[in-house]
Amino acid sequence: MRRLSSSVCSPSSHRLNPVTSMATGSNSLIWFRKGLRVHDNPALEHASKASSGSMYPVFVIDPRYMEPDPSAFSPGSSRAGVNRIRFLLESLKDLDSGLKKLGSRLLVLRGEPGEVLVRCLQEWKVKRLCFEYDTDPYYQALDFKVKEYASSVGVEVFSPVSHTLFNPTDIIQKNGGKAPLSYQSFLKIAGEPSCAESELLMSYSSLPPIGDVGSIGVSEVPTLEELGYREDEQDEWTPFRGGESEALKRLNNSISDKAWVANFEKPKGDPSAFLKPATTVLSPYLKFGCLSSRYFYQCLQRVYKDVKKHTSPPVSLLGQLLWREFFYTTAFGTRNFDKMKGNPICKQIPWKEDHDMLAAWRDGKTGYPWIDAIMVQLLKWGWMHHLARHSVACFLTRGDLFIHWEQGRDVFERLLIDSDWAINNGNWMWLSCSSFFYQYNRIYSPVSFGKKYDPDGKYIRHFLPVLKDMPKQYIYEPWTAPLSVQTKAKCIVGKDYPKPMVMHDAASKECKRKMGEAYALNKKMNGNIGDDDLKDLRRKLETDEESNIRNQRPKLNQVLKYLMRF
Ligand code: FAD
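Residues numbered from 1 in each chain as written. Predicted model: local features only at pLDDT ≥ 70, side-chain atom pairs only at ≥ 80, totals over all residues. Heavy atoms only, no water.

An unreviewed UniProt entry lists the protein under the name (6-4)DNA photolyase, with Brassica oleracea var. oleracea given as the organism. You can read under Sequence similarities (unreviewed entry) in the UniProt record for the protein the words "Belongs to the DNA photolyase class-1 family." Regarding the protein, the UniProt comment filed under Catalytic activity (unreviewed entry) reads as follows: "(6-4) photoproduct (in DNA) = 2 pyrimidine residues (in DNA)." (UniProt positions renumbered as here; feature names shortened; annotations may be inferred.)

Here you go:
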């Protein structure tokens, strides 16, 4: 076994040492869900050490997550876009090959994970079940059932916290039973993680052998086609490949540039940089646990020790990792964290229901090239820069369309390759000014924000090729281009590319007014807002909006008449 102290940060080298199967002894099962890695994996370490017989490394393909859904708005299952499914399969393949080098392999099974697990425990006479602790509600419920069964039949369960730096339960306890609601208070309570000084087990010389699988149907990692997907379903795939090897390579590339790490300052990155993203793009690897967040932490500390000066949380790279911890803790400690209703930290806001507007946003057809290019990047790559996510989330909710953050959250949840229950919900509440951040007057312009970083519109031209020949002075507002320019650019607005679905100045003004009224109601009712209160406010806001539009019509007509003279 090879342990890594906080002073070493290079990818592990595995030694080949296959071991033949032993028929008897105490068998263990390592159940992979996230944590798709060999390095720093305490559940794997325990399963391998505790087994004097066979060790069964299992991954269960859950149809709830993986079954193709032909009726979904883009290729994939109902819960995951095909990019993320592919990323997961690549991660499983890489894990399998890592295990094979150590004399083991990944056993892939299919079905409802709880039922599959129970059958495996019975058939393989497992004495020890090991899996990484998971705070997501789906796994909390599933793990509860599995643990209950295991204890009823005398199977020992080992479920360590290793997806995050901290155990959210500890932080909540330290804070008097409540999750800290601000980043600064979180930092104060959290202090140093215990992994700061501990040695992480990075590799093994060998792993215990797989035992007889009996009548249980196990397979190799399937291909996309074997799961019922087609490779040609998508014309451009995410450039990010899944797996632990890729994660460690990516991490090393980032941290080897010490000056870059030392000077990293989040709001300063360029959200339009896509050939070489301005941030690490480690999020999908952290999401699936291809990369240990504890190892990432130790590598960062090592760089900080080596350089004289570096940035600090919240803006530093370490600060980003701690945002992840913050959202994991608040999500775990908050009832109905993924909902507006019944969520004690979420403002109650009478968002609008408008399926057509939602679909236009989702499909990259708002008529604002900056917004549409970001949504197309999401569809094609499943990843966008943080500030790009800010732009589209603000546009959908409090900035322009006033549509419910839960609906935008659903689209992100399905399409992001780094889709993460705690982080996604937390950030959607943040961006919609429903929680954590309350300055609803600060709105991202769908025109000038992107232009600041990318005046030539390279990002837009890549993700929206229909606009590739639009001159740069019109690329962010193509509807303002004279018809002759549109014709020359082979892009007629209203035919080849949509007209803007709302006029930003008027729409954002209207949104601010609505947010103001909703905030006032939340204050007046001290957060105790019922369905009827919200309905009444929605009705009032809609009536006010109609009369505002009526009052503005004469002015608009005047402008139109003026424009018609040209
Ligand atoms: P880096 O800047 O290199 O940061 C390193 C790591 O820190 C990231 O990989 C991530 O794990 C963590 N991190 C960075 N920013 C945040 C943040 N704001 N909150 C929590 N953790 C953070 N991130 C997800 O991982 N999954 C999601 O589902 C997700 N949904 C989001 C939804 C919205 C509306 C917004 C505004 C942000 C969302 N984020 C989400 C947070 C953030 O945008 C991504 O983590 C980040 O862009 C990933 O790129 P990176 O790995 O290059 O980040």
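Participant: Give a detailed account of the pattern of salt bridges, specifying residues and quantitative values.
Facilitator: Applying the stated rule across the entire model yields 37 salt bridges. Of the charged contacts in the structure, one is a salt bridge between Arg 241 and Glu 90, with a shortest N-O distance of 2.9 Å. One end of the pair, Arg 241, is in the loop between strand S7 (200-203) and helix H8 (244-256); the other, Glu 90, is in helix H3 (residues 82-101), with 151 residues separating them in the sequence. Each of Glu 510, Arg 513, Glu 517, Lys 540 and Asp 544 takes part in salt bridges that share partners, so that together they form one network. (Salt bridge = Lys/Arg side-chain N within 4 Å of Asp/Glu carboxyl O. Helix = DSSP H or I, 4+ residues; strand = E, 2+ residues; numbered from the N terminus.)

Participant: Describe the packing of aromatic side chains, listing the residues and the values that go with them.
Facilitator: On inspection of all chains with the given rule, the structure shows 38 aromatic pairs. Residues Trp 260 and Phe 264 carry aromatic rings whose centres are separated by 5.4 Å and whose planes lie at 80 degrees to one another, so their mutual orientation is edge-to-face. What makes Phe 264 buried here is its relative accessible area of 6%. In this structure an aromatic cluster arises from ring pairing among Phe 240, Phe 274, Trp 370, Trp 381, Trp 383, Tyr 444, Phe 449, Tyr 453, Tyr 459 and Phe 463. Its guanidinium or amino end placed over the ring of Tyr 138, Arg 64 lies 3.9 Å from that ring's centre, counting from NZ or CZ. Directly above the aromatic system of Trp 237 lies the positively charged group of Arg 86, at a separation of 4.2 Å from the ring centroid. (Phe/Tyr/Trp six-rings, centres within 6.5 Å; stacked < 30°, edge-to-face > 60°. Buried < 20%, exposed > 50% of the residue type's maximum accessible area, 1.4 Å probe, protein only. Lys NZ or Arg CZ within 6 Å of the ring centre and 35° of its normal.)

Participant: Let's hear about the nonpolar core: which residues, and what values?
Facilitator: Ranked by size, the top nonpolar core spans 149 residues in total, and within it Phe 32, Leu 106, Leu 291, Phe 296, Leu 300 and Trp 361 carry the most contacts. Of all the elements, helix H12 (residues 317-332) adds the most residues to this core, at nine residues. If sequence neighbours within four positions are ignored, Leu 106 has contacts with Phe 32, Pro 57, Val 58, Phe 59, Leu 92, Leu 95, Asp 96, Leu 99, Ser 219 and Val 221. One finds Cys 120, Leu 121, Phe 131 and Val 155 within the second-largest nonpolar core, a separate group that totals 23 residues. (Core = buried A, V, L, I, M, F, W, Y, C linked by side-chain atoms within 4.5 Å. Contact = heavy atoms within 4.5 Å.)

Participant: Mind laying out the domain arrangement of the protein, listing which residues take part and the relevant values?
Facilitator: What the domain assignment lists for the protein is domain 1 (28-162), domain 2 (164-200 + 245-333) and domain 3 (355-529). Once you take the C-alpha centre of each, domain 2 and domain 3 turn out to be 27 Å apart. Across the boundary between the two partners, domain 2 contributes 23 residues, which contact 26 residues of domain 3. A per-residue breakdown of the area domain 2 buries against domain 3 is headed by Pro 271, Phe 274 and Phe 327, which together make up 36% of the total. Seen at the junction of domain 2 and domain 3, the total is zero salt bridges. In this assembly, domain 2 and domain 3 are joined by four residue pairs in polar contact (both at pLDDT 80 or more). Those elements that provide at least two residues to the side of domain 2 that touches domain 3 are helix H10 (283-287) and H12. (Domains from an automatic or database assignment. Buried area = accessible area lost by both parts, 1.4 Å probe. Polar contact = N/O pair within 3.5 Å; in protein donor to acceptor, adjacent residues only side chain to side chain.)

Participant: Tell me what's going on with the site of the ligand, and back it up with residues and numbers.
Facilitator: For the ligand, the set of nearby residues contains 30 residues, the closest of which are Thr 279, Thr 280, Val 281, His 386 and Asp 418. Between His 386 and the ligand, the recorded distance is 2.7 Å, taken from a side-chain N or O atom to an oxygen atom. Here an oxygen atom of the ligand and a backbone polar atom of Asp 420 are 3.0 Å apart. Protein chains bury 99% of the 830 Å² of accessible surface belonging to the ligand in isolation. Elements with a minimum of two residues in the shell around the ligand: H10, H12, helix H15 (386-399) and helix H17 (421-431). (Near = heavy atom within 4 Å. Areas by Shrake-Rupley, 256 points an atom, 1.4 Å probe, with all protein chains shown as cover.)

Participant: Explain the sheet that holds strand S6 (residues 156-158) to me, and be specific about the residues and the numbers.
Facilitator: Strand order in the open sheet formed by five strands is S4-S3-S2-S5-S6, with parallel pairing between adjacent strands. Looking at which strands have only one partner, the edges of the open sheet turn out to be strand S4 (107-110) and S6. When the angles between neighbouring strand axes are averaged without regard to direction, this sheet yields 30 degrees. Inspection of the sheet shows strand S2 (residues 27-32) paired to strand S5 (residues 126-130) by four bridges, in the parallel sense. Note on S5: the bridge partner recorded for Leu 29 is Leu 129. Docked against the sheet, helix H4 (residues 113-123) engages S2, strand S3 (55-61), S4 and S5, running at close to 165 degrees with respect to S2. (Pairing = 2+ DSSP bridges. Axes fitted to C-alpha atoms, helices over the stretch in contact; angles between N-to-C directions.)

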